[in-house]
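Residue-level structure breakdown
The residues making up each chain are set out below.
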Amino acid sequence: MAKPSAPIKNKPAPRKPAAPPQAAAAFDSILPEIEALSPDRLISIKIDIPRAVSQVLGVLPGLRALRPAIAEHLQTHDVALLDRLETYALAAWYAHLAWLSSGGAENALKPLLAEAAPLRENLLSDAEALARRGLLDAATVAEIRAGQGHIDLANDLVALSALFGGSWSAIAGKTAATEEEVKRAGEIGPQLLAALGVREHGKGPGPTEAADRRARAFALLVHAYDQTRRAVAYLRWNEGDAETLAPSLYKGRGGRAASSSDTAPEPEDTDATPGASAPAPAAGAAPAAGAAPAAGAAPAAGAAPAAAPNGAGTQAPPAAAPPAGAPSVG
């Protein structure tokens with residue numbers, strides 16, 4: 001196989017999610033696929049969905065640049081999963097917001113705005129200082145700074161949380177920002193968007209339906225991203241930069257080592273119970289990062305297995321994790 005290209009020079013940085021109307025359009029476009037998803041393909045939600053979406057959107061340009069090589073060298077790989085990856089990410093983002101808004105998030109709008117604005121400014125100032133020293137991506141920070149209005153305020157907090165969190169090992173001790181502030185930014189952003197949505201449009205689906213759709217949209221995103229990661233691992237094995245181009249969504253959780261598959265068995269999470277029905281959040285309250293319960297109050301989805309079917313035909317690199325014997329969502 002011909003060498004695809006030289007190693008990448010710049011590490012992809014997380015991007016802020018799209019505004020709710022764009023995310024809603026993505027969700028609507030795949031709603032039939034969401035509703036048709038077999039319950040046995042649901043997986044426990046043990047990662048922070050907003051941060052995962054920001055990460056996927058951040059690496060997407062690099063993945064799209066590899067599309068021709070994937071299509072040429074992995075002819076049995078379903079490259080359409082890469083083509084739909086942005087849609088899956090935005091749909092998962094919208095489903096998460098709808099789930100938050102199902103619990104009466106409008107009651108917390110004013111206090112959320114009062115907390116969000118100074119937190120954004122403090123983190124953004126710290127991010128700009130780190131960017132000047134080359135420790136954070138300057139273009140990403142500048143894009144966040146350009147945001148205006150309440151929706152951008154919310155999305156900026158999500159992006160800042162993902163940006164700091166993804167680089168924390170490199171910036172810890174070099175910034176006034178704290179891990180608590182970074183985590184709180186990731187919580188407030190989605191809460192604020194949910195509260196804004198309820199104020200403008202009223203509540204959406206009830207908690208049970210919203211939780212089920214959230215679980216299904218999340219499963220589709222993880223499966224598409226996992227299969228794309230496997231293709232990247234094969235193509236970039238010699239260059240050694242596959243994990244930079246397509247990092248695990250679970251990387252950094254409990255010391256779990258990176259894998260070519262995001263559906264390798266996960267460590268038990270004491271903050272999340274696999275298969276538990278998602279409770280309706282209290283007004284303005286979002287689940288802690290990585291602690292969102294597995295949604296799916298429908299009888300068949302109430303006990304989600306750890307994984308669901310892998311895409312067929314994807315070639316794995318030497319020593320890469322083999323396809324799981326049990327069905328798995330990637």
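**Quick notes on the packing of helix α1 (residues 20-29) against helix α6 (residues 85-101)**
- Relative orientation of the contacting elements α1 and α6 amounts to 110°, with a least axis distance of 7 Å. Between α1 and α6, the angle falls in the class roughly perpendicular. Residues Pro 20, Gln 22, Ala 23, Ala 24, Ala 26, Phe 27 and Ser 29 of α1 touch α6, and the partners they reach there are Glu 86, Thr 87, Leu 90, Ala 91, Trp 93, Tyr 94 and Ala 95.
- Classifying every residue of the contact of α1 with α6 gives 10 nonpolar, three polar and one charged.

**What to know about the nonpolar core**
- Among the nonpolar cores identified, the biggest contains 85 residues, and Leu 85, Phe 164 and Leu 192 are the most heavily contacted of them.
- Every residue in contact with Leu 192, bar those within four places of it in the chain, is listed here: Leu 109, Leu 112, Leu 113, Ala 116, His 150, Leu 153 and Ala 154.
- With five residues, the next largest nonpolar core counts Trp 99, Leu 100, Ala 194 and Ala 210 among its residues.

**So, the pattern of salt bridges**
- In the structure shown here, the tally under the stated rule is 14 salt bridges.
- Among the ionic pairs, Glu 128 bridges to Arg 145, the shortest N-O distance being 2.8 Å. In this pair, Glu 128 sits in helix α7 (residues 109-132) while Arg 145 sits in helix α8 (residues 138-145), placing the two residues 17 residues apart along the sequence.
- For Asp 212, the salt bridge is made with Arg 216, and the minimal N-O distance between the two is 2.9 Å. On the criterion of helical spacing, the pair formed by Asp 212 and Arg 216 is a turn pair, its members being four residues apart in helix α12 (residues 207-235).

**So, the confidence of the model for the protein chain**
- Looking at the protein chain as a whole, its pLDDT mean stands at 76, while 69% of the residues score no less than 70.
- Between the elements of the protein chain, mean pLDDT differs from a low of 86, seen in helix α11 (residues 179-201), to a high of 96, seen in helix α5 (residues 80-83).
- Predicted confidence for residues 253-260 stays below pLDDT 50, and this span has 24 contacts to residues more than four positions away or in other chains.
- Between residues 264-330, whose pLDDT stays under 50, and residues either more than four places distant or in other chains, the model counts 173 contacts.

**Considering the packing of α6 against α12**
- Two elements in contact, α6 and α12, have axes separated by 8 Å at closest approach and are oriented at 155°. On the basis of the axis angle, α6 is roughly antiparallel to α12. The crossing of α6 and α12 is left-handed. Side by side, α6 and α12 meet where Leu 85, Tyr 88, Ala 89, Ala 91, Ala 92, Ala 95, His 96, Ala 98 and Trp 99 of the first sit next to Pro 207, Ala 210, Ala 211, Arg 213, Arg 214, Ala 217, Phe 218, Leu 220, Leu 221, Ala 224 and Tyr 225 of the second.

**Digging into the environment of Thr 244**
- Mapped onto the secondary structure, Thr 244 falls in helix α13 (residues 242-245).
- As for Thr 244 and Pro 12, which are separated by 232 residues in sequence, their C-alpha atoms are 7.4 Å apart.

Parameters at a glance
The written sequence of each chain sets the order in which its residues are numbered from 1. Thresholds applied to this predicted model are a pLDDT of at least 70 for local features of residues and 80 or more for the giving and counting of side-chain atom pairs; totals over whole chains, interfaces and linings are not thresholded and use all residues. Processing note: side-chain calculations cover all non-hydrogen atoms of the structure and skip hydrogens and water entirely. An axis is simply a line fitted to the C-alpha atoms; with a helix, the fit covers only the stretch in contact. Between two such axes, the angle follows the N-to-C directions and lies from 0 to 180 degrees. In DSSP terms, a helix is any run of H or I states spanning at least four residues, a strand is any run of E spanning at least two, and both are numbered starting from the N terminus. For classification purposes, an angle smaller than 35 degrees is called roughly parallel, one larger than 145 roughly antiparallel, one from 65 to 115 roughly perpendicular, and anything else oblique. Residue contacts are counted whenever heavy atoms from the two residues lie within 4.5 Å of one another. Ten residue types, Ala, Val, Leu, Ile, Met, Phe, Trp, Tyr, Cys and Pro, are classed as nonpolar, four, Asp, Glu, Lys and Arg, as charged, and the remainder, Gly among them, as polar. Residues belong to one nonpolar core when they are buried, are Ala, Val, Leu, Ile, Met, Phe, Trp, Tyr or Cys, and are joined through side-chain atoms within 4.5 Å. Type-normalised accessible area, obtained with a 1.4 Å probe on protein chains alone, sets the label of each residue: buried when under 20%, exposed when over 50%, and partly exposed for intermediate values. Basic side-chain nitrogens of Lys or Arg form a salt bridge, by our definition, when they fall within 4 Å of a carboxyl oxygen of Asp or Glu. Think of pLDDT as the predictor's per-residue confidence, scored from 0 to 100. Crossings are classed by handedness, with left-handed meaning an anticlockwise turn of the near helix from the far one by less than a right angle and right-handed meaning a clockwise turn.

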